[in-house]
Structures are given as structure tokens and as C-alpha cells.
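# Working through the structure, step by step
Each chain, written out:
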Amino acid sequence: MTDPFAVSVEVAELADAGIEEFRRGAPQAAHDLFERAARAAEPHPELAGQHLQILVNLATAAAHLGDHPAAIATLRRTLDAPGADPALRPAILLNLSQSLLETGAYDEAEAVLAECHALATAALPHPGAPGPDAATGPAAPATAATAPLAGPGDQDIPAGDPLAAAAGSPPWPGPAATAAGPYGIPGTGPAAPDPADPDPADPPSDAAELLMACLVALSTVAIQREDWPRAEQLTAEALEVVTRIRPDLVGRPLMNVAALALATGRYEPAEDFAEAALAACEAGREPAGAASVRLMLAQLYTATGRAEQAEPLLHAALAHTGPAGLTVETAVGWEQLGLLAALRGELDEAQTLYDRARTLLRQAGATPTEAALAVRRAEVAHLAGRPAEAEELLTHAADTFAALGLGLRRAQTHLAHAALLEQGGDPGQLARALDLAVPAALAIDAVRYGLAAGRQRDRWRRNVAEPAVQLVFRLAARAGEALLVAHLIEVQCATTPILRENAVPRPDGPGPLGSYLDEPPPHAHAFAVAPPPRLLLTPDGDGEGDGEVALADRIALAEQRYGLPVRDTRTVPSW
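## A closer look at the overall build of the chain
If you tally the helices and strands in the chain, you get 22 helices and 6 strands. Across the 575 residues in the chain, those meeting the buried criterion constitute 58%. The contacts in the chain between residues at least 6 apart in sequence include a share of 69% that link residues at least 24 apart. Total accessible area on the chain is roughly 22,500 Å²; 55% of this is exposed by carbon and sulfur atoms.

Written out as C-alpha cells, the structure is:
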């Protein structure tokens, strides 16, 4: 009969070796060692606690290698295991949320984070006050929350690197940098303080750090779900809390500030905050975070016509993400290099890079990012004279975004589809292009009314909505749709938003990111607005709402297709 004590020693040695491999930059070797440790501990009930902690690290290594389905399955197993240490649950939930987010399981990710947030808040000495004043417990290690192994040696296995798993990415156009680093093993998050450095006078508690990481992760979910008002509130709150509790980790929430600005068409502040995030990650010795920011900056440079500045950043990012085993980030780097190749007309090179990226994303189960890549692949297929393949890819991408509840991304995919049909030069396809483009442009334009501040709405209009509307006008003119052009002009002239009922500026509390994004303070002008009213073309004689409304069918189609409010229920006459 095997001596459990001897097995425990063997498991601890394997775990230590796995952590060392991970720190050395060999995640696959670390995964294999954790897998051996887990198999050795599993048959022994008296080693259940040790086994569960090994499973957490095994899941972390799997997620780091891009195998998010395996990570999710393993983490769920640890949550449901009898006798699991309740102290580990918040960190496990946080790690689970990140893999769920990568696979597009947004509802479940948000529910998991809500539970993690509640547990972390309850564990604070003064609930609701996650700052240093609330921290009375011992300082958490800079790279992880830990729990001691049962058995000899008192070895510690990290149970979660909360903040390293909690930053996110702009959701459009195309895949973008996501949080770098695994979620339960040290080595890719912020480096531990130098032993010679004095300890902070008032270090944060484990619960405070978990709460801080939850806020960053929740803001990531809101950005990915295109819930801009909530994303703005959570991102501002996360930045404030991290700055107060762990200023050395401020690069992560700054990434989300930049991601939010980029996703909403505010390119200048996006660049400023991305550069600040890069500087913070480099100062905090976070190479994985720095690589993610470089990917974001490269995307921004490409979107603003500076491809020559984007390419060096991509190569610098890939120099870290490849050897470190950051699968999704490596795929994103290849995708962006493929886009640059396509812009140069090097279609074969672009196809090769896109195929390499797709292979990694499919292995990772990164459904939203793979769908965005499908749009890029469709563009290359179209330019290479493969219209049937392009059609199939675009349909797949739009259907995927619809299934994920990402209406804005679906609208942008339809707009890209319409643009390719226009480029095809087939007059017979103009009607189909219009059917795709008009509802999509109406939905994209209406997104600005959900933004908090007037300048934010103006930047969305200029940088995101206007190119969409211009495409619609161009298609309508080419198709000879004079009445549609006239109605579009009337609707565009009548798009003054309406102040929402009972809308008052908030007098206190963390406001939107106005002060960070060169906006006036939120109380100055951040009134909530509703979408514009519907434009009546003919009188409503009997008050039954039977007057003709401009673009009524296309507005209804946009709201049905994309799940976004396009026009207010109120009406305004055109005369």
C-alpha cells in the first residue's frame, strides 16, 4: 500500500518543478508536470486539498496554452469538489471567468464574477472599502493568492493571479489583444518585489486585491459585450481602485481605458492611454501585459493609417507571446500581420498568417476572436476571386455574433459584407448590399446615443458612424434609389437626440471617464439621451399612429436583427 506521506512529497516536488518550468517560460512542460502531480494525488482521499490546488494550477497552465475548454472543465471540477477550501473559491471563480470570457460565454462569466465580487466584499474587514485602510490581514504575494498544501514541507501552490487575468480588449474592428498571462501560476503577472525593497507600510489584503481584480474583469466583460455606459462606469471605478490599492499594477486597468476609447472611436485618447499602459506594464515588470498593449497600439495605428508604425510593435509583441505560450495573443499578432500583408496586396502571405491564427484560435475555443478573424479572411477570399468562400465566412461570422448576443459586431459584419458586394461591381448585388447596409448603418449610428458625453457621441459619429452612412448613400445612389436617398437625408437631418425622461446628472460617486478622456466633468453635460424620434412623412390624422414613418421597415429590421434601439417611440413631423 502506497504511503500517502510519500505521495504527498512526490506531488509537492512535481508541483514545484511545474512552477519552475512555468517561470522559465515552458508552459507545456509545466502543464505536463501538474498533470502528473494531479494523477498521483487523486487516488488518496487524505490528499484531497493538495489535489485540488494542483488542479487549479493545471487549469491555469491549460488556459495559458490556449486550451480554455479544458481549463473551464477543470476549474468547474474544483468548485464542485467535496471538501474544497472556501478560501480558494474567489480566486478559482476569477480564473474561470477569464476562460469563459475568451470562449464568449458572457452571461456565465458575469455571473461567476458577481459571485467572486460578493465573496471578496464579504471578506473585507470593512465591506465596500477595498482600499488600503481596509487591509488588516497579511500581505498577499505580488503574484498570487496562496493556500498551503497538506502534507510535509508546507509548500505553497498559487491559487490565482487575479489581476493578471483581468484586462481585456477592444471588441472591434477585428480581434484584439486580450489579457496576457495565466491565472493561477506566478511568472507572467507583475514581478514580485525585490527582497531588498521595504514592504509597503499598509499592504492590501487578499480580499482587497481580489475585489480589485473583479472590478477590472467586470469592466472587461462590459467592453466585450458592447455595454458602453456600464463599461465606462466600471472602467473608471477599476482604475481608481487599482491606483489606490496597487499602483504598480495600474497598467491593466489602463489597458481597459484605452480599449474602451478605441472601441468607441476615440482614437486620440486611446493612443494616450495605451502608451501610458505600456509604460506602466514595463515599469511593473509585466512583459505579458506590455505585449498585449503593443498589440492594441498596433491595431490603433493600422486603423488610423499608420501601418509602418504597427509592424514593429507586432514583431515585438510576438517575440514575447510566442515563446511564452500565449496562444490567443500570438494568434492576434498573426492576424494583424496578415491584415498588413493584405493592405500591401500580398494576399497569399495574408492567407497564410490568417490560417495560422485560425488554427490557434480554434484550439483555444476563442469563439468571438475567431469570428472576427473570419471577416478578415473573407476580405482576402473576395480579393482573391473566391466570392463563395467570402460569402460563407461572412455568414458564419454574423451568425456567431448573433448567437453571442453581440448585435453591434453583427451590424459591422453586415456592413463589411455590403462593402465587399459594392467592390464586386455586380449591379445585381446592389439591392442585397442595401438590404445589409441600411439597417446596419442605422444601428451603428444609433449606438452613439448610449454614450455619456456629447464629445464622445461626436467622436463615434465622426469615426465610426459616418463611414457607415456614407456607404449607404453611395449604394443607394448607384442603385438609383432616389426615394431612399431622400428619406436618408431627411432622417439624418432629424437625428437630434431627446433628453431621457427623469435624466439628471449624478451629483456624486465615480462618474464616467470624462475627466480621463479630455471630457468636461460628468455633471457638466453628461445627460442621458434617448435615440432620435421617428420621422413622420405624412400626418397621423386619427391619432392611431398610422402616419408614414421614414425608413420604418428598415428601422424595424435593424432593431430586430441587432437587438439595439435605433429610434425612440416618439415621432416628429417632417413639415
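## A word on the packing of helix α5 (residues 89-103) against helix α6 (residues 106-123)
Direction vectors running N to C along α5 and α6 enclose 160 degrees, while the axes themselves pass 8 Å from each other. Overall, the two elements α5 and α6 adopt an arrangement that is roughly antiparallel. Considering the relative orientation of α5 and α6, their crossing is left-handed. Side by side, α5 and α6 meet where Arg89, Pro90, Leu93, Leu94, Leu96, Ser97, Leu100 and Leu101 of the first sit next to Tyr106, Glu108, Ala109, Val112, Leu113, Glu115, Cys116 and Leu119 of the second. Along the lines of polarity and charge, the residues of the contact of α5 with α6 split into 12 nonpolar, 1 polar and 3 charged.

## A short note on the nonpolar core
The biggest cluster of nonpolar side chains holds 150 residues, and the ones touching the most others in it are Trp228 and Trp460. For this core, the element with the highest residue contribution is helix α7 (residues 206-224), accounting for 14 residues. Setting aside anything within four residues of it in sequence, one finds Trp460 in contact with Trp228, Ala263, Thr264, Gly265, Leu408, Ile444, Asp445, Val447, Arg448, Leu451 and Ala465. By size, the runner-up hydrophobic cluster in this structure holds 20 residues, among which are Val11, Leu33, Leu47 and Ala81.

## Looking at the packing of α6 against α7
Where α6 meets α7, the closest approach of the two axes is 9 Å, and the angle between their N-to-C directions is 155 degrees. In terms of their interaxial angle, α6 and α7 are classed as roughly antiparallel. In this structure, the crossing between α6 and α7 has a hand that is left-handed. Between α6 and α7, the residues in contact are Tyr106, Glu110, Leu113, Cys116, His117, Ala120, Thr121 and Ala123 and Ala207, Leu210, Leu211, Cys214, Leu215, Ala217, Leu218, Val221 and Gln224, respectively. Across the contact of α6 with α7, the residue classes tally to 13 nonpolar, 3 polar and 1 charged.

## Digging into unusual backbone geometry
The backbone of Glu226 shows a phi angle near 65 degrees, a positive value even though the residue is not glycine. Within the secondary structure layout, Glu226 lies in the loop between α7 and α8 (228-245). For Leu551, which is not glycine, the phi torsion reads 55 degrees and is therefore positive. Structurally, Leu551 can be placed in the loop between β5 (534-536) and α22 (552-562).

## A closer look at the pattern of salt bridges
For the coordinates displayed, the defined rule picks out 30 salt bridges. In this structure, the salt-bridge partner of Arg306 is Glu271, at a minimum N-O distance of 2.9 Å. One end of the pair, Arg306, is in the loop between α11 (287-303) and α12 (307-324); the other, Glu271, is in helix α10 (residues 267-283), and 35 residues separate them in sequence. One salt bridge in this structure joins Asp458 and Arg462, with 2.9 Å as the shortest N-O distance. Taken together, the residues span about one helical turn, with Asp458 and Arg462 both in helix α19 (residues 454-478) at a distance of 4 residues. Linked by salt bridges that have partners in common, Asp107, Glu110, Arg225 and Arg230 make up one network.

## A short note on α7
Because an α-helix packs 3.6 residues into every turn, residues spaced three or four apart end up facing the same way. Compared with the 27 Å implied by 1.5 Å per residue over 19 residues, the 27 Å span of α7 between its first and last C-alpha is a close match. Most of α7 is tucked away, with 18 of its 19 residues classed as buried.

## Focus on α5
End to end, α5 covers 21 Å across 15 residues, agreeing with the expected 21 Å (1.5 Å per residue, within 8%). Positive backbone phi, approximately 90 degrees, marks Gly104, located one or two places after α5.

## A few points about the state of the cysteines
Here a disulfide denotes a covalent bond joining the sulfur atom of one cysteine to the sulfur atom of another. Taken as a whole, this structure holds 0 disulfides when the rule is applied. Here Cys116 is not disulfide-linked; the sulfur of Cys214 is the nearest cysteine sulfur, at 3.0 Å. With a relative accessible area of 0%, Cys116 lands in the buried category.

## Examining a negative patch on the surface
A grouping of Glu10, Glu13, Asp16 and Glu20 is seen on the molecular surface, where their side chains present a negatively charged patch. Position of Asp16 among the secondary structure elements: in helix α1 (residues 4-23). Note on Asp16: relative accessible area 31%, which makes it partly exposed.

## A closer look at the environment of Pro247
One can find Pro247 in the loop between α8 and α9 (251-263). Once the C-alpha coordinates of Pro247 and Gly284 are considered, the two residues, 37 residues apart in sequence, prove to be 9.2 Å apart.

## Some details on the environment of Leu475
Inspection of the secondary structure puts Leu475 in helix α19. The buried category is assigned to Leu475, whose relative accessible area is 0%. Sequence spacing of Leu475 and Glu422 is 53 residues, and the spatial spacing of their C-alpha atoms is 7.3 Å. For Leu475, the residues in contact, after removing those within four places along its chain, are Ala418, Glu422, Leu430, Ala433, Leu434 and Ala437.

## Notes on the confidence of the model for the chain
Considering every residue of the chain, the mean pLDDT works out to 81; 79% of them sit at 70 or more. Mean pLDDT across the secondary structure elements of the chain bottoms out at strand β1 (residues 145-148), with 26, and peaks at helix α16 (residues 387-403), with 97. Note that pLDDT drops below 50 for residues 127-201; the model gives that stretch 240 contacts with residues more than four away or on any other chain. This stretch, residues 501-525, has a pLDDT under 50; its non-local contacts, to residues over four places away or in other chains, come to 46 contacts.

Procedures and definitions
- Residues numbered from 1 in each chain as written.
- Predicted model: local features only at pLDDT ≥ 70, side-chain atom pairs only at ≥ 80, totals over all residues.
- Heavy atoms only, no water.
- Helix = DSSP H or I, 4+ residues; strand = E, 2+ residues; numbered from the N terminus.
- Buried < 20%, exposed > 50% of the residue type's maximum accessible area, 1.4 Å probe, protein only.
- Contact = heavy atoms within 4.5 Å.
- Areas by Shrake-Rupley, 256 points an atom, 1.4 Å probe, with all protein chains shown as cover.
- Axes fitted to C-alpha atoms, helices over the stretch in contact; angles between N-to-C directions.
- Parallel < 35°, antiparallel > 145°, perpendicular 65-115°, else oblique.
- Left-handed = near helix turned anticlockwise from the far one by under 90°.
- Nonpolar A, V, L, I, M, F, W, Y, C, P; charged D, E, K, R; others polar.
- Core = buried A, V, L, I, M, F, W, Y, C linked by side-chain atoms within 4.5 Å.
- Salt bridge = Lys/Arg side-chain N within 4 Å of Asp/Glu carboxyl O.
- Expected span 1.5 Å × (residues − 1).
- Disulfide = S-S within 2.5 Å.
- Patch = residues over 30% accessible without salt bridge, like charges linked within 9 Å, V, L, I, M, F, W, Y side chains within 5 Å.
- Lys, Arg positive; Asp, Glu negative; His and termini not counted.
- Charge placed at Lys NZ, Arg CZ, Asp CG, Glu CD.
- pLDDT = per-residue confidence, 0-100.

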